[in-house]
Amino acid sequence: MSIEVRDLSFRYGKIVALDGVTMRLGEGAVGLLGPNGAGKSTLLRILLGFLVPERGGGKVLDYDIRREQAMIRRSVGYMPESDCFVAGMDAVTFTSYFGELSGMPRQEAMKRAHEVLFYVGLGEARYRLLDTYSAGMKQRLKLAQALVHDPKILFLDEPTSNLDPNGRSEILELIRDVSTNKSIQVILSSHILDDIESICASVVILKQGRLAAEGRMEDLRAIHYSLYELRIKGDGGPFRRDLEAMGCRVDETEDRLIKVYMPEAGDRMDIFRAAARTGVQLRYFVKSRTSLEDLFAGVVGVD
Amino acid sequence: MATVREKGYSHWDGKLGERRFPWWPITRTGIQLAFRKKRFKFVFAGAFVPAFVFLVGLYVSERLEDFKSFVRESDRLLNIGPKYFSAYFTNDSLLFLIVLVLAFGAAGLIADDIKHSSLQLYFSRPLSKTDYLLGKMSVIFFFVLILTALPGLVLVIFKLIFAGSFKFFLDYPWLPLSILGYSALLTVFFAFYVLLLSALSKNARYVIVLIFGIYIFSNVLYGILNSIFRTPYMALFSVSANLQQAGAFIFGQKLPQAVPAGWSFLVLAGICVLAAVVLNRKIRSVEVIK
């Protein structure tokens, strides 16, 4: 396991940010999900060695998160969410600079900076001043500085924010390539569920500082509930209440599509029985493949 | 823009090492970035004018007979000794030029990092807060030492060369130590002074204004308070007056103000301690992922 934490707890004053989180993350790309205040950033801060947990502990690449923070930082790459650069530098100097600060020899860092800048698509612009870079270029640059020292784990915080659709798909392609072909583990924290769904094989969902769900996406979809989509004719109120009384979560989209999240133990025939009891006609019924959005809504309880 | 993965990604087969001085890349880059500014190069070159003037003075002092018509009654000024060196180090123009160099070359050392959110990049590397601050401070060490210790020692060497004997050195064997000691004091003080102000704003231009403003305002304040209270202790409010007091003490000269030099050392040390506390708080407060 590359990341392993147990009973991880942290609080900012009286506010509990993490409360007894225990998890093990293996190879591949892992999505870190959760609503605002769920504890994602605190978890990343602890994994990067920025914060010392109040209780519990863990290891990142076999380095203790309490005692070997410098070793962790040397072995991981971090791409922050906000724009960050050093004014007055060009991309080559910037990237090699952070390579050097990670412990690379100066000449090696410079050579490597050229390579990663070509890799992220900034080869032609590598001698331009960073102050003149567009949002998409800055995003690529952040990825380049995170990759320059060839980390074993890459922490990406909202890597596609502020990007146009083309830029977003290119960054996602890079991340996918890094995580699948280059044996670099990616921990991706994002609010864009599509990004996580398209890249990550497994996901960690945090809710109010606690671990709400963790595991392979396929397993999570299967374990928690079945999703049915239906359209009805008639008064939906009693029908909905009936389903909720059976333990189902019921959501209705703007185009009046009803999504029923049925518990694992439930029987789909119960939906038909409820419809008969409440006098509504079922005009459309299909068992849907749960998207990450559905999973997120089901686990965290928000749309 | 080039297409993605034009050359592909390959693993680096080197080994990441632990640097003996992890702050050195920060220092080297800080110095390089300062010299990329045309305005700074001009100011930096200009800051050597006092050293050049004092060097000419040294030469003239050894050739008084040749320059008799020029020197006339100024020959007392050209009596080369600790007073001459004290005059070089504590004259207002050198101190102001140091402030000028630092304002244009070092104001953005921390301010720019805060403005462009790059602190999180530094601290995601195996760098401690001390490494980061030491790296930034060393940029200031470099600029101040090159304007103080280097010319001071060069002046001593030229004095020996012009005189053609070691008599001067034998008369004042402690002088190089005084030069190094006062240079170190100026260096440490200005490092804390500039970094403190650089950490207080995101805008390097405001920091430039602060660096000048506080330096000049403290002098003005001294003048006003002195005219009201008529006591030399008001000099303790002035940055330059405190530096001059300390300089005169280190070079064994008569103190310019009738105030024990220890007070000035205390004031300067107090500013450094205040700066260290503020830097510790400011740098910690952004050492997080947003």
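As a reminder, the structure under discussion sits directly above these lines.
All figures in this text were calculated on a predicted structure; none of them were measured in a lab.

Parameters and conventions
Residues numbered from 1 in each chain as written. Chains lettered and ligands numbered in written order. Predicted model: local features only at pLDDT ≥ 70, side-chain atom pairs only at ≥ 80, totals over all residues. Heavy atoms only, no water. Phe/Tyr/Trp six-rings, centres within 6.5 Å; stacked < 30°, edge-to-face > 60°. Buried < 20%, exposed > 50% of the residue type's maximum accessible area, 1.4 Å probe, protein only. Lys NZ or Arg CZ within 6 Å of the ring centre and 35° of its normal. Contact = heavy atoms within 4.5 Å. Buried area = accessible area lost by both parts, 1.4 Å probe. Salt bridge = Lys/Arg side-chain N within 4 Å of Asp/Glu carboxyl O. Helix = DSSP H or I, 4+ residues; strand = E, 2+ residues; numbered from the N terminus. Nonpolar A, V, L, I, M, F, W, Y, C, P; charged D, E, K, R; others polar. Pairing = 2+ DSSP bridges. Lys, Arg positive; Asp, Glu negative; His and termini not counted. Core = buried A, V, L, I, M, F, W, Y, C linked by side-chain atoms within 4.5 Å.

Enquirer: Quick question: what am I supposed to make of the packing of aromatic side chains here?
Expert: Where two aromatic rings form a pair, the distance of their centres and the angle of their planes describe that pair. In the structure shown here, the tally under the stated rule is 35 aromatic pairs over all chains. Both rings, one in Phe35(B) and one in Phe44(B), keep their centres 5.2 Å apart while their planes meet at 90 degrees; by these two values the pair is edge-to-face. Here Phe35(B) falls in the partly exposed class, since its relative accessible area comes to 26%. Between Phe123(B) and Tyr132(B) the ring centres are 5.6 Å apart and the planes differ by 55 degrees, which places this aromatic pair in the tilted class. Looking at Tyr132(B), the relative accessible area reads 0%, which means it is buried. Three or more aromatic residues joined by ring pairs form one cluster here, namely Phe54(B), Tyr84(B), Phe85(B), Tyr88(B), Phe89(B), Phe168(B), Tyr172(B), Trp174(B), Tyr182(B) and Phe251(B). Its guanidinium or amino end placed over the ring of Tyr284(A), Arg231(A) lies 6.0 Å from that ring's centre, counting from NZ or CZ. Above the face of the Tyr228(A) ring, Lys287(A) is positioned so that its terminal group lies 5.9 Å from the ring centre.

Enquirer: I tried to follow the interface of chain B and chain A on my own but got confused; where do I start?
Expert: You'll often see interface size given as the accessible area lost when the parts meet. Every contact between the two is made by 40 residues of chain B and, on the other side, 54 residues of chain A. The contact between chain B and chain A buries some 4,700 Å² in all, and 56% of this surface belongs to carbon and sulfur atoms. In this assembly, chain B and chain A are joined by two salt bridges. Here Glu100(A) makes a salt bridge to Arg28(B), at a shortest N to O gap of 2.5 Å. For the side of chain B that touches chain A, the secondary-structure elements that each account for two or more residues are α1 (24-35) and α8 (119-123) of chain B. Considering every element that reaches the side of chain B that touches chain A, the biggest residue donor is α1(B), with six residues. Residues that form the side of chain B that touches chain A fall into these classes: 17 nonpolar, twelve polar and eleven charged.

Enquirer: Looking at this structure, I do not really get the pairing of strand β9 (residues 202-207) of chain A. What am I missing?
Expert: All names here are of chain A. Here β9 lies mainly inside the structure; five of its six residues are buried. Summarising the sheet, strand β3 (residues 29-33) and β9 pair through four bridges and their orientation is parallel. Along β9, the bridge assignment pairs Val30 with Ser202. Linking β9 to strand β10 (residues 210-216), which pair antiparallel, is a turn of two residues; within it Gln208 sits at a positive phi near 50 degrees.

Enquirer: Explain the side chain of Ser218(B) to me, please; I cannot follow it from the model alone.
Expert: Among the secondary structure elements, Ser218(B) is positioned in helix α13 (residues 204-229). Excluding anything up to four places from it in sequence, Ser218(B) contacts Gly213(B), Phe237(B), Ser238(B) and Val239(B).

Enquirer: Help me out: how do you make sense of the side chain of Lys138(A) in this one?
Expert: Looking at the secondary structure, you find Lys138(A) in helix α5 (residues 135-147). With no salt bridge to any partner, buried Lys138(A) finds its closest opposite charge in Asp83(A), at an N-O distance of 4.3 Å.

Enquirer: Teacher, can you tell me more about the pattern of salt bridges here?
Expert: Scanning the entire structure with this criterion turns up 22 salt bridges over all chains. Its salt-bridge partner being Arg273(A), residue Asp270(A) comes within 2.7 Å of it at the nearest N-O pair. Taken together, the positions of Asp270(A) and Arg273(A), both in helix α10 (residues 269-278) and three residues apart, correspond to about one turn of that helix. Judged by relative accessible area, Arg273(A) falls into the partly exposed class, the value being 42%. The network of salt bridges with shared partners includes Glu100(A), Arg19(B) and Arg28(B).

Enquirer: Explanation requested: the nonpolar core in the structure shown.
Expert: Phe155(A), Phe85(B), Ile140(B), Phe190(B) and Leu243(B) are the most contacted members of the largest nonpolar core, which totals 164 residues. Looking at this core, the element that brings in the most residues is helix α12 (residues 175-198) of chain B, giving 14 residues.

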